[in-house]
Amino acid sequence: MAPAVPPARSAGQTAALVVEDELEPRIRIPTDLLRCLTSILEVALLVGLALLATQAASGLEQDVSKHLPRQLVGPLHTLAFIALLVLPLALAIRQVVIGQLRQLTEAVVIGLIAAGVAIGCSELLQLSSLTDLYRALVRSPSPAGVTALDPYLAALAAYLTVIGLSGRPRWRTWGWLAITFYCLTSVVLKNETSTVLSLLITLALAAAVGSGLRYVIGTPSERPTAAEIAAALSLATGRVVEIHRVPDGRTDNRRYAVVGGDGEQLDVTVFDRDQQAADFLYRLYRRLRLTSQASRSLPLTVSRAVERRALMAYAVEDAGVPTPKLRAALRVGPEAAAVATRHCTGTTLADLPYPPSDQLLGRVWDAVLQLHKHRVTHRSLIADHILVSGAARNGTVLLLDPGDGDVAASDLQIRLDLAQLTATTALLVGPDRAAALAREKLGQPSVSNLVPLLQPVVLHRSTRATLRRRKDVLPALRKGLIGTAPEPGPEVEQLERIKPRSVVTLVAAVIAAYLVIGQLGRRNFVPVLRQSDWRWVLAGLLLSVLTYAGATWSLSGFVLERLRFARTFLAQLAGTFVTLVAPAAVGGVALNIRYLRKAKITPADAASSVAVSQVVAFAVHMLLLVVFIAITGGAHQAPFHPPAWSYIAVAAIAVIALGVLAVPAGRRLIRSRVAPTLSQVIPRLLEIAQRPAKLAEGVSGALLVTFGYILCLQVSVLAVGGHAAFFAVAVVFLTGQAIGSVVPTPGGLGAIEIALSGALTTIAHVPTAFAVSAVLLFRLLTFWLPIPVGWAAMNYLQRHDAL
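Residues numbered from 1 in each chain as written. Predicted model: local features only at pLDDT ≥ 70, side-chain atom pairs only at ≥ 80, totals over all residues. Heavy atoms only, no water.

1. Some details on the overall build of the protein
Then, in step 1: Broken down by element type, the protein carries 30 helices and 13 strands.
Then, in step 2: A total of 803 residues make up the protein; the buried ones form 46% of that total.
Then, in step 3: The contacts of the protein with a sequence gap of at least 6 include a subset with a gap of at least 24, amounting to 75%.
Then, in step 4: Carbon and sulfur atoms make up 65% of the accessible area of the protein, which totals about 39,800 Å². (Helix = DSSP H or I, 4+ residues; strand = E, 2+ residues; numbered from the N terminus. Buried < 20%, exposed > 50% of the residue type's maximum accessible area, 1.4 Å probe, protein only. Contact = heavy atoms within 4.5 Å. Areas by Shrake-Rupley, 256 points an atom, 1.4 Å probe, with all protein chains shown as cover.)

Have a look at this one:
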């Protein structure tokens, strides 16, 4: 605690006031961060508008020019410019008079920084890669060398942002009026190069710089002191003799312990206006993601926050449920409000030195059910908000901080409250005791209806954090609640408007569409298809389908549990879409692990099974490459002669490998990378080896994938009229696939085509024209055509909760 401040007296007090407080001299206001992020978003939208709607912006400028009288434009511009010179000077004088020299200095420095940012952005806009944007922002016929963003306007806007005009309506009105006239007249004057978009971007950029730097360096605190809070409380609750700051890391609101002249103890929560937007982005995210009944709106004003707290305190008390009695709800100056409740001694469930008994938890359930009889919910039933006053065996249960609850609650809101209480109980005493207690208090039918709501997304934030560390609690609780119910309800209830995976899928679809359109724009499949033999094309399409069947067997063969062939086949198709937006080694593995997890495979078994399938596929690939190179090299017709550079590459790789192994740090690095994989692969491989049918299924699936691709490339060469030996084509595919997979591009775009085309020409001696056409047809059959099918397969699996 900070040392006590000198004694203070106020109206209604007859004794010295003892104050212990830790009031920060400078604070970071969340609203500044929110304004900074909003301004950055505005800049991005305006830049997009400048690139996509230049003509519309030009039409707006012409309309402004027509409606403003020509004879007034010049004088108005001059007056506005003078006002913009006088305004910062007048504000500076005011800051000096009121003693805010540090804030004035910060405003000037940040204004200069904003001007520098505007100049720097103007210089960047003159780069050749940004020519289109530069011409959209500069109206001059010869825009070279013209400054796109106004540095003085940027400096002034950042200066005003740091000074802050929110509590000074006259200054704010005159300031924005002068800026508006300056911008309008700048657009109209013929000798100016400003455009509406450039001026708006300047203002938004300056607001972002000003708000962001103001958040970083902090703002002088205008919060009421503890003595001022005590003076305000003394008018409502009687004389206050002591006020002490109580540290509370769970909330941004200040908390105080107050002692009155008659010995009454109060708990005071102070709602500072500068902290009301602290959780705005999080609450907005929750509001967008969840339905209205499952999420909580954030009161953005101090008055609304205090009114809600008072309403919920009266509602809980009226329901006959013990809760700290509300003693006062009042304003403390223009910047804050306070809620005072009677202090109750006791121990919260979170602070009990031992797990609570069933009798104590039963009284907690009785209090909550009594609350629900009056259609009132708490919505924050965590262990810290349940207080036991007196002895734990027969003490009174009090519900603390009911401010997030609901009055006139719906059935869904009551069920959500019960789901939170059940999850809290499970974290305290285990899922089995929590499930038994819930069945005792609610009955099996009501408990079964509670199970679909046991989702982390609808629980309290602290509960979600604990469940992430104890992942076994929630599944065990659901299982215990279902018990012997004859017809358990659905596994989960739809409470989310937007699921994160749906957003990820949408973003991936947009990226995929962009890549597909860009790549297809550089490829012309029509001539290739016209010149191809359709019999071979159909054969290649069937072989492409066969590779997905092979991938299905390759995965299911290394999973001891039985997998449904159709869904596993669809998961492999979905992998094609995933590899379009991520490297195959990353996207395909992640998708298969998620599919196995949805198929009720444990995380360890899912990861080890996918790892084994990847290792076996790699081993099959390398083994076949060595075998086919040996066969092709020994052939009498068109023997395989590697190019000279390949020997140099192999030698370089060998030297690098030996150098890494010669250094202890290199050996440790290899050990750290290889050991985890081997620890997963070897035990799983030993388990699979004890079941020869499973091992044969997995290995044959990997062989089928490789041979399917080789034969598909072979028939693609035949379809375009080329000829090549099978073993040479096998070496081409295995070599080209290996080289292309090294390049970490989504789907191997570009890399695989180049590698295969070059290999067909140098290894299989296929003419360049035939090689390029064959590779285009091969990629069309094995990559481009399966993409829309993979996207549909992914959506189907997601709808059926299989992915």
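Following the structure, the description resumes.
2. A word on the packing of aromatic side chains
Then, in step 1: Counted according to the given criterion, the structure contains nine aromatic pairs.
Then, in step 2: Both rings, one in Phe 628 and one in Phe 707, keep their centres 6.2 Å apart while their planes meet at 85 degrees; by these two values the pair is edge-to-face. One end of the pair, Phe 628, is in helix H23 (residues 603-633); the other, Phe 707, is in helix H26 (residues 692-719), with 79 residues separating them in the sequence.
Then, in step 3: Its relative accessible area of 5% is what places Phe 628 among the buried residues.
Then, in step 4: A residue is classified by how much of its surface remains accessible, and Phe 707, at 29% relative accessible area, is partly exposed.
Then, in step 5: Between Phe 733 and Phe 778, the ring centres sit 6.2 Å apart and the planes meet at 75 degrees, which makes this aromatic pair edge-to-face. Of the two residues, Phe 733 is situated in helix H27 (residues 726-742) and Phe 778 in helix H29 (residues 768-784); the sequence distance between them amounts to 45 residues.
Then, in step 6: On the accessibility criterion, Phe 778 (2% relative accessible area) is buried.
Then, in step 7: Through successive ring pairs, a cluster of aromatic residues spans Phe 628, Phe 707, Phe 726 and Phe 727.
Then, in step 8: Here the basic side chain of Arg 779 rests over the ring of Phe 783, its NZ or CZ set 4.5 Å away from the ring centre. (Phe/Tyr/Trp six-rings, centres within 6.5 Å; stacked < 30°, edge-to-face > 60°. Lys NZ or Arg CZ within 6 Å of the ring centre and 35° of its normal.)

3. Some words on the nonpolar core
Then, in step 1: In this structure, Leu 596 and Leu 760 are the most contacted members of the largest nonpolar core, which totals 54 residues.
Then, in step 2: The dominant element in this core, judged by the number of residues it contributes, is H29, at nine residues.
Then, in step 3: Those residues in contact with Leu 596, other than ones at most four positions away along the chain, are Leu 555, Val 559, Leu 563, Ile 601, Ala 606, Ser 609 and Val 610.
Then, in step 4: If you look at the next biggest cluster of nonpolar residues, it comprises 53 residues, including Ile 386, Val 397, Val 458 and Leu 495. (Core = buried A, V, L, I, M, F, W, Y, C linked by side-chain atoms within 4.5 Å.)

4. Regarding H26
Then, in step 1: Its 28 residues place the ends of H26 39 Å apart at the C-alpha level, agreeing with the 40 Å of an ideal helix rising 1.5 Å per residue.
Then, in step 2: Phi for Gly 721, located one or two positions after H26, is positive at around 95 degrees. (Expected span 1.5 Å × (residues − 1).)

5. Here we look at the packing of H26 against H29
Then, in step 1: H29 packs onto H26 with a crossing angle of 135 degrees between their chain directions and a minimal axis gap of 8 Å. Classed by the angle they form, the pair H26 and H29 counts as oblique. Two packed elements cross with a definite hand, and for H26 against H29 that hand is right-handed. Each of Tyr 709, Cys 712, Leu 713, Ser 716, Val 717 and Ala 719 in H26 lies in contact with H29, whose residues at this interface are Ala 774, Leu 777, Phe 778, Leu 781 and Thr 782.
Then, in step 2: Counted by class, the contact of H26 with H29 contains nine nonpolar, two polar and no charged residues. (Axes fitted to C-alpha atoms, helices over the stretch in contact; angles between N-to-C directions. Parallel < 35°, antiparallel > 145°, perpendicular 65-115°, else oblique. Left-handed = near helix turned anticlockwise from the far one by under 90°. Nonpolar A, V, L, I, M, F, W, Y, C, P; charged D, E, K, R; others polar.)

6. Observations concerning the sheet that holds strand S9 (residues 347-348)
Then, in step 1: With antiparallel pairing, the three strands of this open sheet are ordered in space as S9-S11-S12. Looking along the sheet, the strands with just one partner apiece sit at the ends: S9 and strand S12 (396-399).
Then, in step 2: Note: strand S11 (residues 386-389) against S12, four bridges, orientation antiparallel. Within S12, the position partnered with Ile 386 by the bridge is Leu 399. (Pairing = 2+ DSSP bridges.)

7. Considering helix H1 (residues 30-52)
Then, in step 1: Taking 1.5 Å per residue, 23 residues should reach 33 Å; H1 reaches 33 Å between its end C-alpha atoms and fits that length.
Then, in step 2: Listed in full, the buried residues belonging to H1 are Pro 30, Asp 32, Leu 34, Cys 36, Ser 39, Val 43, Leu 46 and Ala 50.

8. Details of a nonpolar patch on the surface
Then, in step 1: The grouping of Phe 81, Ile 82, Leu 85 and Val 86 at the surface amounts to a nonpolar patch, some 330 Å² of accessible area in total.
Then, in step 2: Among the structural elements, Phe 81 can be located in helix H3 (residues 70-97). (Patch = residues over 30% accessible without salt bridge, like charges linked within 9 Å, V, L, I, M, F, W, Y side chains within 5 Å. Salt bridge = Lys/Arg side-chain N within 4 Å of Asp/Glu carboxyl O.)

9. What about the side chain of Thr 576?
Then, in step 1: Of note, Thr 576 is situated in helix H21 (residues 565-581).
Then, in step 2: Engagement of the side chain of Thr 576 in a polar contact is seen with the side chain of Tyr 548, the distance being 2.9 Å.
Then, in step 3: Excluding its chain neighbours within four sequence positions, the residues that come into contact with Thr 576 are Tyr 548, Phe 783, Pro 786 and Ile 787. (Polar contact = N/O pair within 3.5 Å; in protein donor to acceptor, adjacent residues only side chain to side chain.)

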